[in-house]
Amino acid sequence: MDTAPSAQPVTTTPGIGNRRRVATAAALASAVEWYDYFVFGIAAALVLGDLYFPAGSATAGVLASFATFAVGFLARPIGGIVAGHLGDKRGRKPMLVLALTLMGVSTTAIGLLPTYDTIGVAAPILLVLLRVAQGVAVGAQWGGAMLLATEYAPEGKRGVYGSVVQLGVPIGVVTANTVFLLAGALTTDSAFAAWGWRVPFLVGLLVLALAWYIHTRVEETPAFREAERALAEKEKTEQSSPLRTILRGHLGTVFLAGGSFAVNTATFYILITGVLDYTTRELDMKKSAVLTVSLCVSLTQLVLIPAAAALSDRVGRIRIYALGAVGIALWAVPLFLLIDTGSLLWLAVGTFVASCFLSIMYGPQAALFAELFTPEMRYTGASLGYQIAAVAGGGLAPFMMVLLLEATGTSMAVSGYIVVLSVIALVSIKILADRARAAEASAEPRTSAVSETKSEPETKTETETKAESETKAESAG
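Analysis parameters
- Residues numbered from 1 in each chain as written.
- Predicted model: local features only at pLDDT ≥ 70, side-chain atom pairs only at ≥ 80, totals over all residues.
- Heavy atoms only, no water.
- Helix = DSSP H or I, 4+ residues; strand = E, 2+ residues; numbered from the N terminus.
- Buried < 20%, exposed > 50% of the residue type's maximum accessible area, 1.4 Å probe, protein only.
- Polar contact = N/O pair within 3.5 Å; in protein donor to acceptor, adjacent residues only side chain to side chain.
- Contact = heavy atoms within 4.5 Å.
- Core = buried A, V, L, I, M, F, W, Y, C linked by side-chain atoms within 4.5 Å.
- Salt bridge = Lys/Arg side-chain N within 4 Å of Asp/Glu carboxyl O.
- Patch = residues over 30% accessible without salt bridge, like charges linked within 9 Å, V, L, I, M, F, W, Y side chains within 5 Å.
- Areas by Shrake-Rupley, 256 points an atom, 1.4 Å probe, with all protein chains shown as cover.
- 1 Å grid on protein atoms, 1.4 Å probe; cavity = no way out; pocket = protein on both sides within 12 Å on 5 of 7 lines; lining within 4 Å.
- Points joined across faces, edges and corners; volume = space filled by probe spheres on them.
- Nonpolar A, V, L, I, M, F, W, Y, C, P; charged D, E, K, R; others polar.

### Observations concerning the side chain of Thr-187
Okay, so step 1: Inspection of the secondary structure puts Thr-187 in the loop between helix H7 (168-185) and helix H8 (189-194).
Okay, so step 2: With relative accessibility at 13%, the residue Thr-187 sits in the buried group.
Okay, so step 3: Looking at Thr-187, its side chain comes within polar contact range of the main-chain oxygen of Ala-183, at 2.6 Å.
Okay, so step 4: Non-local contacts of Thr-187, meaning those with residues more than four positions away in its chain, are made with Phe-192 and Trp-195.

So, in structure tokens, the structure goes:
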């Protein structure tokens, strides 16, 4: 589905080797960035409450820890706005390098941060500030990595290329869980609480090496180079900016994109963080066993995400994306009925099926969000939509899960929370689809009657492309 023109015609075609190098770099950037981000979530569920928020009950400590976890999500739109604006004006690559550097430094600093017993109230304050830095970094990273991949994609394969960035999430989860499992297995409980939990954070130093590689070996995308020339000409006469363009004419699309994705990110963080706390604290399941289940389920996403993305290249983004949202809504109640059995097997079944529906949505999401905006405002628009979803869904989800469980005493309240977000997603998707059809109806008919089945538009002259861009912007904005 294209709700705005895709990449403008470019003067050069990237070679296969260059495309593969860029796609690999984008995938690695996403993987290491998400690894650094996820280790905090796991640590928040396991140790940070006791070490940095020791006063009060165990539940209060977990809530404070998850609140700090959520702060990172609140900071993500800041990273998306700043990096998006500069990324649309100065390039995708420099913003990605900056995001990786910030993430590597802040994650390593968390691994070295003294606890409450050592430096008192300064410990939780510094923890919150470093989590904010992580949030800004990941908010800046996603758009840069996603656009490096999708704007280098050959015709008809934008979904597949975008999915390599999405694979960073399950790779990050698998790696973070593996490192925590190893740290727990190789240390005693007291040693893990004292220093073992810090080891996964110190791996963040490796991110800096990847940032240097991208800085020296990866070229800027052809789509940005074309958009840069167009934007430079426009700014001479209009003094326009990507952020101003989004705020004035496309803010509705940004919020619809965020609404469509909030259920995915909320359910995901409930599964990898909220369920870890719930099963170990309330159901007395073993920490290592639950982490192992999470790891194995995440491995299946390495296959499901690119498969869903490839299918979206053939039958349309919206169809696949909406299918995943419907599945999440229908599975919300069975998911927690299975988890509440306290059985490791049923936990695995419940989270695996939920993960399948999440993958169906997540696979085409990068290409879908890229296609909502034209190249000169794509980094800003796509990043804002993604990060709004992260705040509304992922950042609050583990915190909301604990509150709902404490307030109601039943996990069905959490299922209801997921269903409500699913309804919001489906309404948002429906509006986006309607806007796309309205925009295409107002444009000149092309060879295909159903453009949703295409991932790339036909090649047009510069005049035709400009005219269609203006028409669609007026209809969709």
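### Notes on the nonpolar core
Okay, so step 1: The biggest cluster of nonpolar side chains holds 129 residues, and the ones touching the most others in it are Phe-38, Tyr-52, Trp-142, Trp-197, Tyr-269, Ile-270 and Phe-369.
Okay, so step 2: The element that contributes the greatest number of residues to this core is helix H1 (residues 16-52), accounting for 18 residues.
Okay, so step 3: Discounting chain neighbours no more than four positions away, the residues touching Trp-197 are Val-47, Leu-48, Leu-51, Tyr-52, Ile-110, Phe-180 and Phe-192.

### Thoughts on the side chain of Gln-365
Okay, so step 1: The residue Gln-365 is located in helix H16 (residues 344-370) in this model.
Okay, so step 2: At a separation of 2.6 Å, a polar atom in the side chain of Gln-365 contacts the side chain of Gln-166.
Okay, so step 3: Sequence-distant contacts of Gln-365, that is, excluding residues within four places in its chain, are made with Trp-142, Gln-166, Phe-261, Tyr-321 and Tyr-386.

### A closer look at the pattern of salt bridges
Okay, so step 1: According to the stated counting rule, one finds six salt bridges in the structure shown.
Okay, so step 2: Residue Asp-277 pairs with Arg-281 through a salt bridge whose shortest N-O separation is 2.9 Å. With Asp-277 and Arg-281 both in helix H13 (residues 251-281) and four residues apart, this pair spans about one turn of that helix.
Okay, so step 3: By relative accessible area, Asp-277 is classed as buried at 3%.
Okay, so step 4: On the basis of relative accessibility, which here comes to 24%, the residue Arg-281 falls in the partly exposed class.
Okay, so step 5: Arg-317 is the partner of Glu-371 in a salt bridge, and the nearest nitrogen-oxygen pair spans 2.9 Å. One end of the pair, Glu-371, is in the loop between H16 and helix H17 (375-395); the other, Arg-317, is in helix H15 (residues 317-339), and 54 residues separate them in sequence.

### With respect to a nonpolar patch on the surface
Okay, so step 1: A cluster of nonpolar side chains, namely Tyr-116, Ile-119, Val-121, Ile-125, Leu-126 and Leu-129, defines an oily patch on the protein surface of about 520 Å² accessible area.
Okay, so step 2: Counting residues per element, the ones that place at least two in the nonpolar patch are helix H4 (116-119) and helix H5 (122-150).
Okay, so step 3: Take the nonpolar patch: its biggest share by element is three residues, from H5.
Okay, so step 4: With respect to the helices, strands and loops of the structure, Leu-126 is situated in helix H5.
Okay, so step 5: The class of Leu-126 is partly exposed, set by a relative accessible area of 36%.

### Some points on empty space enclosed by the protein
Okay, so step 1: Counting across every chain of the model gives four cavities of 30 Å³ or more.
Okay, so step 2: There is about 180 Å³ of room inside the largest cavity.
Okay, so step 3: The wall of the largest cavity is formed by 16 residues, among which Leu-271, Ile-272, Ser-294, Val-297 and Thr-351 lie closest to the centre.
Okay, so step 4: Listing elements by their share of the lining of the largest cavity, those giving two or more residues are H13, helix H14 (287-315) and H16.
Okay, so step 5: If one sorts the elements of the lining of the largest cavity by residue count, H14 sits on top with seven residues.
Okay, so step 6: A per-class count over the lining of the largest cavity returns 11 nonpolar, five polar and no charged.
Okay, so step 7: When its volume is computed, the second largest cavity comes out at roughly 150 Å³.
Okay, so step 8: Every residue lining the second largest cavity is counted, 16 residues in all, and those nearest its centre are Val-169, Asn-264, Phe-268, Tyr-362 and Tyr-386.
Okay, so step 9: Secondary structure elements with two or more residues in the lining of the second largest cavity: H1, H7, H13, H14 and H16.

It is worth stressing that arrangement in space is one thing and function is another; only the former is reported here.
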